[in-house]
Amino acid sequence: MNVLEFDIQDCDLQPDLWRRELMDPACGGYASFEGWVRDNNEGQQVLRLEYQAYAALALKEGQRILEEARQKFPISHAKCVHRVGALDISGMAVWVGVSGGHRDECFRACRYIIDEVKHRVPVWKKEHYVSGDSGWVNCEACAAGH
Amino acid sequence: MKTVHIEYFAVLRECAGSDREAVSTAAETPQQLFAELAERYEFPTLQSVKVAINEEFSDMQASLSDGDTVVFIPPVAGG
């Protein structure tokens, strides 16, 4: 059975557990990506983050991205999990894992998945700054005053 | 007039002050509905807005039907 799974969860991500799910005797390569909460963004000192998702559509779109990755690259397994809720600095916001016969397709599929997830999956990020301000990323102008 | 169910996320949720509501509207497209809500709740000017109807991406010029669930999607920022 090939793993091809996108998920959203509101508790800490478990990459060690999921990495084992992608292990396969036929696979010689595994690539993963972890997105972490950074303490700065566009000149602002960030204190913590909050992620919100439109889960029903995010799950469908995430799954479509994984299916595209498997069509484009000869990989065996792929999984991606995005966190929602409150996260502190260095917390893991997203995890992608891919396994396949060889490294090249694993690296490329992993890159494809994270890039597409960031652009297409309906997940939003609110940054809380050291200054006391906060703002929804990519809607800064609007968040001011709210 | 038709009734549509709206779910709000992110900055739009903060502006609307709730995560969902049923709205009675004469709007024929998501574009018209968004303009109506933007005026009511003073939505910010966004770089782009997408729309989902009944849990699938749709078009801001699509036709709205009575009972549709509509979600406006401000610029996403996952990862």
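The structure contained in this document is the topic of the report that follows. Remember, predicted model here, so these are calculated numbers, not experimental data.

Definitions and cut-offs
- Residues numbered from 1 in each chain as written.
- Chains lettered and ligands numbered in written order.
- Predicted model: local features only at pLDDT ≥ 70, side-chain atom pairs only at ≥ 80, totals over all residues.
- Axes fitted to C-alpha atoms, helices over the stretch in contact; angles between N-to-C directions.
- Helix = DSSP H or I, 4+ residues; strand = E, 2+ residues; numbered from the N terminus.
- Parallel < 35°, antiparallel > 145°, perpendicular 65-115°, else oblique.
- Left-handed = near helix turned anticlockwise from the far one by under 90°.
- Contact = placed C-beta atoms within 7 Å.
- Nonpolar A, V, L, I, M, F, W, Y, C, P; charged D, E, K, R; others polar.
- Core = buried A, V, L, I, M, F, W, Y, C linked by C-beta atoms within 7 Å.
- Buried ≥ 20, exposed ≤ 12 C-beta atoms within 10 Å, placed from the backbone.
- Pairing = 2+ DSSP bridges.
- Expected span 1.5 Å × (residues − 1).

**Digging into the packing of helix 2 (residues 55-72) of chain A against helix 3 (residues 103-120) of chain A**
Residues and elements named next belong to chain A. Relative to each other, helix 2 and helix 3 sit at 150 degrees, their axes nearing to 10 Å. Comparing the axis directions of helix 2 and helix 3 gives the class roughly antiparallel. The element helix 2 and its partner helix 3 pack so that their crossing is right-handed. When helix 2 is examined against helix 3, the residues Glu61, Gly62, Ile65, Leu66, Ala69 and Lys72 are found in contact with a partner set consisting of Ala109, Tyr112, Ile113, Glu116, Val117 and Arg120. Here the residues of the contact of helix 2 with helix 3 sort into seven nonpolar, one polar and four charged.

**Considering the interface of chain A and chain B**
How large an interface is tends to be reported as the accessible area lost when its parts come together. Between chain A and chain B, the contact holds 24 residues from the first and 19 residues from the second. Contributions of two or more residues to the side of chain A that touches chain B are made by helix 2, strand 7 (92-100), helix 3, strand 8 (123-129) and helix 4 (140-143) of chain A.

**Considerations on the nonpolar core**
Counting residues in each nonpolar core, the largest one holds 52 residues, and the members touching the most others are Ala69, Val96, Val98, Ala109, Cys110 and Ile113 of chain A together with Leu12 of chain B. In terms of residues, this core owes the most to one element, helix 3 of chain A, which gives seven residues. The residues touching Val98 of chain A, leaving out its near neighbours within four places in the chain, are Ala31, Ile75, His77, Ala78, Cys106, Ala109 and Cys110 of chain A.

**Re the sheet that holds strand 4 (residues 56-57) of chain B**
Each strand in a sheet pairs with its neighbour through backbone hydrogen bonds, running either in the same direction (parallel) or in the opposite one (antiparallel). Residue and element names in this part refer to chain B. Read across the open sheet, the five strands follow the order 2-1-5-3-4; overall the sheet is mixed. Sheet topology places strand 2 (20-25) and strand 4 at the edges, where each strand pairs with a single neighbour. Note: strand 3 (residues 50-53) against strand 5 (residues 69-73), four bridges, orientation antiparallel. In the sheet register, Lys50 faces strand 5, and the bridge partner there is Ile73. Set on the sheet, helix 2 (residues 30-41) makes contact with strand 1 (2-7), strand 2, strand 3 and strand 5; between it and strand 5 the angle comes to about 70 degrees.

**Let's talk about the sheet that holds strand 1 (residues 4-9) of chain A**
Residues and elements named next belong to chain A. Here we have four strands laid out as an open sheet, ordered 1-5-7-2, and mixed in their pairing. The outermost strands of the open sheet, each flanked by one partner alone, are strand 1 and strand 2 (29-36). For this sheet, the mean angle separating the axes of adjacent strands, direction not counted, is 5 degrees. Summarising the sheet, strand 2 and strand 7 pair through eight bridges and their orientation is antiparallel. Looking at the pairing, Ala31 lines up with Val98 of strand 7. Relative to strand 1, helix 2 is tilted by about 150 degrees, and along the sheet it contacts strand 1 and strand 5 (75-83).

**Points about the environment of His77 of chain A**
Residues and elements named next belong to chain A. Turning to its location among the elements, His77 is positioned in strand 5. With 23 C-beta atoms counted inside 10 Å, the residue His77 sits in the buried group. With eleven residues separating them in the primary sequence, His77 and Leu66 have C-alpha atoms 9.2 Å apart. Each residue touching His77, except ones within four places of it in the same chain, is listed here: Asn2, Val3, Leu22, Asp24, Val98 and Ser99.

**A look at helix 2 of chain A**
Residues and elements named next belong to chain A. Taking 1.5 Å of rise per residue, 18 residues should cover 26 Å, and helix 2 covers 25 Å from first to last C-alpha, within 8% of that figure. For helix 2, every residue scored as buried is listed here: Ala58, Glu61, Gly62, Ile65, Leu66, Ala69 and Arg70. At its buried positions, helix 2 is contacted by strand 1, strand 4 (44-53), strand 5, helix 3 and strand 8.

**Some remarks on helix 3 of chain A**
All names here are of chain A. Across its 18 residues, helix 3 extends 26 Å between first and last C-alpha, which sits within 8% of the 26 Å expected from 1.5 Å per residue. Those residues of helix 3 that fall on the buried side of the exposure criterion are Glu105, Cys106, Ala109, Cys110, Tyr112, Ile113, Ile114 and Val117. Its buried side turned inward, helix 3 meets strand 2, helix 2, strand 5 and strand 7.

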